[in-house]
Amino acid sequence: MTKPSADGPQAKMRASLARLMALEDSVRVCCAHEYTEDNLRFAWSVEPDNNAPAARIRSVWAMRAPAAER
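What counts as what
Residues numbered from 1 in each chain as written. Predicted model: local features only at pLDDT ≥ 70, side-chain atom pairs only at ≥ 80, totals over all residues. Heavy atoms only, no water. UniProt positions renumbered as here; feature names shortened; annotations may be inferred. Helix = DSSP H or I, 4+ residues; strand = E, 2+ residues; numbered from the N terminus. Buried < 20%, exposed > 50% of the residue type's maximum accessible area, 1.4 Å probe, protein only. Areas by Shrake-Rupley, 256 points an atom, 1.4 Å probe, with all protein chains shown as cover. Salt bridge = Lys/Arg side-chain N within 4 Å of Asp/Glu carboxyl O. Expected span 1.5 Å × (residues − 1). Axes fitted to C-alpha atoms, helices over the stretch in contact; angles between N-to-C directions. Parallel < 35°, antiparallel > 145°, perpendicular 65-115°, else oblique. Left-handed = near helix turned anticlockwise from the far one by under 90°. Contact = heavy atoms within 4.5 Å. Polar contact = N/O pair within 3.5 Å; in protein donor to acceptor, adjacent residues only side chain to side chain.

- Going by the annotation in an unreviewed UniProt entry, the name recorded for the chain is hydroxyacylglutathione hydrolase, with Enhygromyxa salina given as the source organism.
- What UniProt records for the chain under Pathway (unreviewed entry) is the sentence "Secondary metabolite metabolism; methylglyoxal degradation; (R)-lactate from methylglyoxal: step 2/2."

## Re the overall build of the chain
Phase 1: Of regular secondary structure, the chain possesses three helices and zero strands.
Phase 2: With 70 residues in all, the chain has 13% of them scored as buried.
Phase 3: When the accessible area of the chain is evaluated, it comes to approximately 6600 Å², of which 58% is carbon and sulfur surface.

## A word on the pattern of salt bridges
Phase 1: Counted according to the given criterion, the structure contains three salt bridges.
Phase 2: The residue Arg64 makes a salt bridge to Glu34 at a minimum N-O spacing of 3.3 Å. Of the two residues, Arg64 is situated in helix α3 (residues 51-64) and Glu34 in the loop between α1 (9-21) and α2 (36-46); the sequence distance between them amounts to 30 residues.
Phase 3: Note that Arg41 and Glu37 form a salt bridge whose closest N and O atoms lie 2.8 Å from each other. In this pair, Arg41 and Glu37 both sit in helix α2, four residues apart, roughly one turn of the helix.

## Some words on the UniProt feature "domain: Hydroxyacylglutathione hydrolase C-terminal" (unreviewed entry) in the chain
Phase 1: Under the UniProt annotation, "domain: Hydroxyacylglutathione hydrolase C-terminal" (unreviewed entry) lies at residues 34-65.
Phase 2: Segment residues 34-65 splits into 78% helix and 0% strand. End C-alpha atoms: 15 Å apart.

## A look at α1
Phase 1: An ideal rise of 1.5 Å per residue puts 18 Å on 13 residues; α1 measures up with 18 Å between its terminal C-alpha atoms.
Phase 2: By the criterion of burial, α1 is predominantly exposed, with just one of the 13 residues buried.

## Side note on the packing of α2 against α3
Phase 1: Their axes nearest at 9 Å, the elements α2 and α3 cross at an angle of 160°. Relative to α3, the element α2 is oriented roughly antiparallel. Taken as a pair, α2 and α3 cross one another with a handedness that is left-handed. Every residue of α3 that contacts α2 at Thr36, Glu37, Leu40, Arg41, Ala43 and Trp44 is listed here: Pro53, Ala54, Arg56, Ile57, Val60, Trp61 and Arg64.

## Brief notes about the side chain of Glu37
Phase 1: Residue Glu37 is classed as buried on the basis of its relative accessible area of 15%.
Phase 2: In terms of polar contacts, Glu37 uses its side chain to reach the side chain of Arg41, at 2.8 Å.
Phase 3: In this view, Glu37 contacts Val60, Trp61 and Arg64; residues no more than four positions away in its chain are not counted.

As structure tokens, this is what we get:
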């Protein structure tokens with residue numbers, strides 16, 4: 001059995017937790033799974049002639065883009 005590397009999942013989890021702990025006390029973190037984009041891609045694959053899912057996917061991408069890209 002090999003020993004986990006320093007940059008493996010444990011190190012990434014530790015770094016993520018450190019970032020969360022460094023947030024101001026006033027910041028609320030709500031954990032959840034987000035499936036909007038996947039669901040829209042599926043809808044578009046089922047109805048490729050329906051432009052609504054494609055338009056919504058583009059709006060989701062725009063919302064998620066880093067501020068510098070908006």
